[in-house]
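Residue-level structure breakdown
Each chain, written out:
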Amino acid sequence: MAKKTVITKVLDTDAQDGIIEFPQNRTLYVDQFTDQAPNTDEEREGFRAKNMKDVFEHYQPSKESVALETEEGGSVYEDFVFRQIKDFEDDQLIEQSALLSDKKAKIDAYNAIIRQLQKNKPLRNALKDPASRENLLKVLKALKSEIENAE
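Just so it is clear, the model here is predicted, and its values are computed rather than measured.

Secondary structure assignment for the protein chain yields six helices and four strands. Traced from its N-terminal end to its C-terminal end, the protein chain shows the element sequence β-β-α-α-β-β-α-α-α-α. In the protein chain, buried positions account for 11% of the 151 residues. Of the roughly 12900 Å² of accessible surface on the protein chain, a fraction of 52% belongs to carbon and sulfur atoms.

As structure tokens, then:
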């Protein structure tokens, strides 16, 4: 039997309208997604949202100066803006952040190298032999210096 999550906001002890059944196949985000103080009941009184787009347009949630740690151990502060539920997904957060985009690019490059090593048997064999590995490393260093000099 499926469980149901019940969210309550009891306005009066006799009130039945304060109980909302929340479907299990939904996600409820409850947090302060802005640096501004929460709105009071008076400020929310006139606002009636018809859909999530209205909510995002009205409240314009954003998070400023989020501390992200660099590879060197330092901190970088970045701002995040949320215009739709999709903006909370990893890919969208990475897209908004220069640091996270750079890290994702490095991870993708390393994964591409790993895939090449898994597919390329002659390269795997060359890396197993210490003399071949040393020769390969010399060639790669020479290519690196050649590329750097070309720039």
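Across the protein chain, the average pLDDT comes to 80, with 75% of residues at 70 or higher. The spread of mean pLDDT over the elements of the protein chain runs between strand β1 (residues 5-8), the lowest at 53, and helix α3 (residues 90-96), the highest at 92.

So, on to the pairing of strand β3 (residues 62-69). Here β3 runs beside strand β4 (residues 75-81); their pairing, made up of six bridges, is antiparallel. For A67, the partnering residue across the bridge sits in β4 and is Y77.

Among the surface-exposed residues, V139, L140 and L143 lie close enough to one another that they form a single nonpolar patch of about 260 Å² accessible area. Within the fold, L143 resides in helix α6 (residues 130-150).

Of note in this structure, Q60 is not a glycine but carries a positive phi near 45°. Within the fold, Q60 resides in the loop between α2 (52-59) and β3. With relative accessibility at 49%, the residue Q60 sits in the partly exposed group. With a phi angle near 55°, S65 is a residue other than glycine that sits in the positive phi range.

Residues E89, D90, D91 and E95 make up a contiguous surface patch of negative charge. Relative to the helices and strands, D90 is located in helix α3.

Contact geometry for helix α5 (residues 121-128) and α6: axes closest at 5 Å, N-to-C directions at 110°. Between α5 and α6, the angle is such that the two are roughly perpendicular. Every residue of α6 that contacts α5 at L123, A126, L127 and K128 is listed here: P130, S132, R133 and L136. Looking at the contact of α5 with α6 residue by residue, the classes come out as five nonpolar, one polar and two charged.

Quick look at the side chain of D87 now. Of note, D87 is situated in the loop between β4 and α3. For the buried D87, which has no salt bridge, the nearest side chain bearing the opposite charge is R83, at an N-O separation of 6.3 Å. Setting aside chain neighbours within four positions, we find D87 in contact with V81, F82, Q92, L93 and Q96.

Bringing the packing of aromatic side chains into the picture now. Evaluation of the coordinates by the stated rule reveals two aromatic pairs. Seen from their ring centres, F56 and F88 are 6.5 Å apart, and the 50° between their planes marks the pair as tilted. In this pair, F56 sits in helix α2 while F88 sits in the loop between β4 and α3, placing the two residues 32 residues apart along the sequence. Just as F56 is buried, F88 falls in that class too. With centroids separated by 4.4 Å and ring planes inclined at 5°, the aromatic side chains of F82 and F88 adopt a geometry described as stacked. Residue classification places F88 among the buried positions, given a relative accessible area of 16%. Among the aromatic residues, those joined into a ring-pair cluster are F56, F82 and F88.

Rules and cut-offs
Residues numbered from 1 in each chain as written. Predicted model: local features only at pLDDT ≥ 70, side-chain atom pairs only at ≥ 80, totals over all residues. Heavy atoms only, no water. Helix = DSSP H or I, 4+ residues; strand = E, 2+ residues; numbered from the N terminus. Buried < 20%, exposed > 50% of the residue type's maximum accessible area, 1.4 Å probe, protein only. Areas by Shrake-Rupley, 256 points an atom, 1.4 Å probe, with all protein chains shown as cover. pLDDT = per-residue confidence, 0-100. Pairing = 2+ DSSP bridges. Patch = residues over 30% accessible without salt bridge, like charges linked within 9 Å, V, L, I, M, F, W, Y side chains within 5 Å. Salt bridge = Lys/Arg side-chain N within 4 Å of Asp/Glu carboxyl O. Lys, Arg positive; Asp, Glu negative; His and termini not counted. Charge placed at Lys NZ, Arg CZ, Asp CG, Glu CD. Axes fitted to C-alpha atoms, helices over the stretch in contact; angles between N-to-C directions. Parallel < 35°, antiparallel > 145°, perpendicular 65-115°, else oblique. Contact = heavy atoms within 4.5 Å. Nonpolar A, V, L, I, M, F, W, Y, C, P; charged D, E, K, R; others polar. Phe/Tyr/Trp six-rings, centres within 6.5 Å; stacked < 30°, edge-to-face > 60°.

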